[in-house]
Amino acid sequence: MDFGTLLQILDTTVRLATPLLFACLAGLVSERAGIFDIGLEGKLLAAAFFSAAFAAVTGSVWVGLLAGILASLALSLIHGLASITFRGNQLISGVAINFLAAGLTVLIAQSWFQQGGRTPSLADDARFQEITLPFADAFSGLPYIGQSYSELFSGHSLLVYVGFLTVPLVWWVLFRTRFGLRLRAVGENPAAVDTAGVSVVRLRYAAVMICGVLCGLGGIYLATGLQAGFVKDMSSGRGFIALAALIFAKWRPWYALFACLLFGFFQALSFRPDVVETVTTVAIPGQLLDALPYILTVVILAGFVGKAVPPRAGGEPYVKER
Amino acid sequence: MNDTPAIQLKGISKSFGPVQANKDISIRVMPGTIHGIIGENGAGKSTLMSILYGFYKADAGEIFISGQKTEIPDSQAAIAAGIGMVFQHFKLVENFSVLENVVLGAEDGALLRPSLAKARALLTDLAREYELSVDPDETIEELSVGHQQRVEILKALYRQADILILDEPTGVLTPSEADHLFRILKGLRDEGKTIILITHKLREIMDVTDTVSVMRRGEMTATVKTAETNPQELAELMVGRKVLLRVDKVPAQPRGDVLKVENLSVVDEDGVERLKGIDFSIQGGEILGIAGVAGNGQSELLEVLGGYRAATGSVLLNGQTIDLTGSQSDGRTRRARGIAHVPEDRQREGLILDYSAWENMVFGYHHAPEYQASSLFMDNAAIRADTEAKMQRFDVRPPLPGLAAKNFSGGNQQKIVLAREIERDPDLLLVGQPTRGVDIGAIEFIHQQIVALRDRGKAILLVSVELDEILSLADRIVVMFDGQIMGERLAHSTDERELGLLMAGVTEGAA
């Protein structure tokens, strides 16, 4: 395998890791605040559809961006309403949101566009364009470093860069700010936060809304960056892989980055069975690579690689005790 | 001397549905004093303090802080009014550091670093001033319970609380930790802080408070100076009638050894020796009390005799050896041989809380032939009828066999367990903490049942951390300390002081 092929695979890795990363960070913020979110998949899908639909109709990717974020936000607020205000079961609410999004997106797509549950293909202005970093062309002649710069680091859409910058941002907010301290506390012991005079409900809603925005960005990238338009079930399980990555990352932002890159890498490999076969000299079925994230998560959960301890108050509605 | 009360409550009332938890309560707490509030479970102490801390809104009444009428709609307002609360169950984030816990909710700005630095400096000062030293960088889960409680106090002081409310603070502490806590509280009082101590332990009230208020069934029945009262009077105020601090019983009529324990030793999973070769015996018609601070081997002793912990040594029941290795003898065979067990933790070991009363009433005896309808099915109708009869005899309220165990009060749960065990007419009854979390009315009933069993010539092993209970119920008392028996006394010829010394491991002057 030559260096060019490696770069190609890594480049695909970055693209495929981006939606995972958004969804994973979204889940991280929500779960750190004690709200388990199994509905990431549904939010990705809803955001993908509404961003594509609005971008297709208006021709502006920015309108699409707004629509996508609002769609995802609306679903997170439903989840918040069910699990924070009405103290319902968070898993059930999440599953419901997934079904809701899977059904509604196709239904509305068919009703609006009559193209069999898809949106029209997006024209260039209705998509996030690839950004060429400064001097990318000039450096492309330099072997290795220059090549990596121009092919791997340059030439992604805006959302990819936003996604990677969100990692340090989430880390900083969680571990260096007052808001982050309270958010983590509310996921560990909401009673402590409550008795300290801070509203548990408000904190959890804030977390759920951040989750909605981040997850929305992931879905928007799917439809307006990675692809050009919405097709049925286009999130294809990424919300669940993101959850797996979240457990794999033990609910930490930097670990989440590596987990998403690793899982993205597996996905990239499954597109290039020829390369895998040359390197390993055996034919590995793509399905096995697709399944690897889940297999690794089971390994982690079984306690083989350290312990993954979820936030202690996760999944539990907060009820003031007597 | 400042005579504006630090806290004044006027006519506070609070109902939960049909239950009136607080009825027209008025109280004045003077600044720079330790004010005790004492009452039985459910007397309304915690509700009153929760109103003061903004957890509940009173239906009626006014709160004055230092003479100012103050509304306390939430905890934020209580903190702003200078009130700090140390809950019975700590409100700490277990995997946060001490520093983070102290700062949580009282940060100085949006960024953490400056807040943490400021808190660190302040904690050092407070630690020096009030014997409250804790390592600020230690994680809460690494700390002992006593230290965790210090963090709670530090939290309140960091928020500049002038009024500190402590809800049953010694329930989780060892005696020496409790002493340390009381020293801290006295130090805080001397600095001018006002402290409200909620407890049901008369001894603590007598030891540390300046004034004491007594609550009964939601009402404040009296407020007196501690120096001008005594435990007997307080107990009467609490219960509302003359209380027999000693159980009414005739002298024991021992009739020969039922249980004989020799050289009993237990090593636990961590390799720690929990019982170090103890010997004792119990005769029929006698109650043997095991006194001691919790965690000195009493629990292990009950588990060994109850058949769910292996041990070495010898145990004879009515002269016949009981296998201690666990291979030939377990809870079921012990029960078959006449050992009944009322475990220390009724909610974990005595009952299955989600199951109904009638199911709980046969656990351990569910193999008994009278409960079987055929070789395959149980006779649920018979069990229900049986349960109903037992509930009547033991005055379990409400007497509904179909009600889940968790829906009964602590006292009634205990009566269910007791009815199940005593009604089998065992030769030996093991009882652990029979009245923990049980109201005084139910306590009297439970004590009467235990004494009645004794008077039928049965042997009873009573383990309790409440010295009063041991002294009033047992005929003979052995004191355990660090897995050993420190001494043996007759209940009528010893007192709390003597037993207290033995419990602390002091043997000087022992007979």
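Small disclaimer: the values here were computed from a predicted structure and weren't measured. (Residues numbered from 1 in each chain as written. Chains lettered and ligands numbered in written order. Predicted model: local features only at pLDDT ≥ 70, side-chain atom pairs only at ≥ 80, totals over all residues. Heavy atoms only, no water.)

Thoughts on the sheet that holds strand β11 (residues 257-267) of chain B
Residue and element names in this part refer to chain B. Ordered in space as β12-β11-β14-β15, the four strands form an open sheet in which the pairing is antiparallel. Each edge of the open sheet is held by one strand with a lone partner, namely β12 (273-283) and β15 (320-321). Bridge analysis of β11 against β12 gives eight bridges, and the strand direction is antiparallel. Note that in β12 the partner of Leu 264 across the bridge is Ile 278. In the packing of helix α9 (residues 298-306) onto the sheet, the strands contacted are β11, β12 and β14 (312-317), and the crossing angle to β12 comes to about 65 degrees. (Pairing = 2+ DSSP bridges. Helix = DSSP H or I, 4+ residues; strand = E, 2+ residues; numbered from the N terminus. Contact = heavy atoms within 4.5 Å. Axes fitted to C-alpha atoms, helices over the stretch in contact; angles between N-to-C directions.)

A few points about the pattern of salt bridges
Residue and element names in this part refer to chain B. As enumerated under the stated definition, the model contains 47 salt bridges over all chains in all. Its salt-bridge partner being Lys 23, residue Glu 219 comes within 3.8 Å of it at the nearest N-O pair. In this pair, Glu 219 is assigned in strand β10 (residues 219-225) and Lys 23 in strand β2 (residues 19-29), connecting sequence segments 196 residues apart. We classify Lys 23 as partly exposed; its relative accessible area is 33%. (Salt bridge = Lys/Arg side-chain N within 4 Å of Asp/Glu carboxyl O. Buried < 20%, exposed > 50% of the residue type's maximum accessible area, 1.4 Å probe, protein only.)

Comments concerning the interface of chain A and chain B
With 23 residues of chain A in contact, the opposing surface of chain B contributes 29 residues. In this assembly, chain A packs against chain B so that about 2300 Å² is buried in total across both faces, 55% of it on carbon and sulfur atoms. Two residues, B:Glu141 and A:Arg312, come together in a salt bridge whose shortest N-O distance is 3.0 Å. Seen at the junction of chain A and chain B, the total is seven residue pairs in polar contact (both at pLDDT 80 or more). Ranked by residue count, the leading element in the side of chain A that touches chain B is helix α8 (residues 178-188) of chain A, at six residues. Residues of the side of chain A that touches chain B, tallied by class, amount to nine nonpolar, four polar and 10 charged. (Buried area = accessible area lost by both parts, 1.4 Å probe. Polar contact = N/O pair within 3.5 Å; in protein donor to acceptor, adjacent residues only side chain to side chain. Nonpolar A, V, L, I, M, F, W, Y, C, P; charged D, E, K, R; others polar.)

Side note on α9(B)
All names here are of chain B. Most of α9 is tucked away, with eight of its nine residues classed as buried. Among the residues of α9, Gln 298, Glu 300, Leu 301, Leu 302, Glu 303, Val 304, Leu 305 and Gly 306 are the ones counted as buried. Looking one or two residues past α9, Gly 307 carries a phi angle of roughly 95 degrees, positive in sign.

Re the side chain of A:Ser83
Residue and element names in this part refer to chain A. Tracing the backbone shows Ser 83 in helix α3 (residues 61-85). Polar contacts involving the side chain of Ser 83 include one to the main-chain carbonyl oxygen of His 79, which spans 2.6 Å. With residues up to four places along the chain from it excluded, the contact list for Ser 83 reads Ile 35, Gly 88, Gln 90 and Pro 317.

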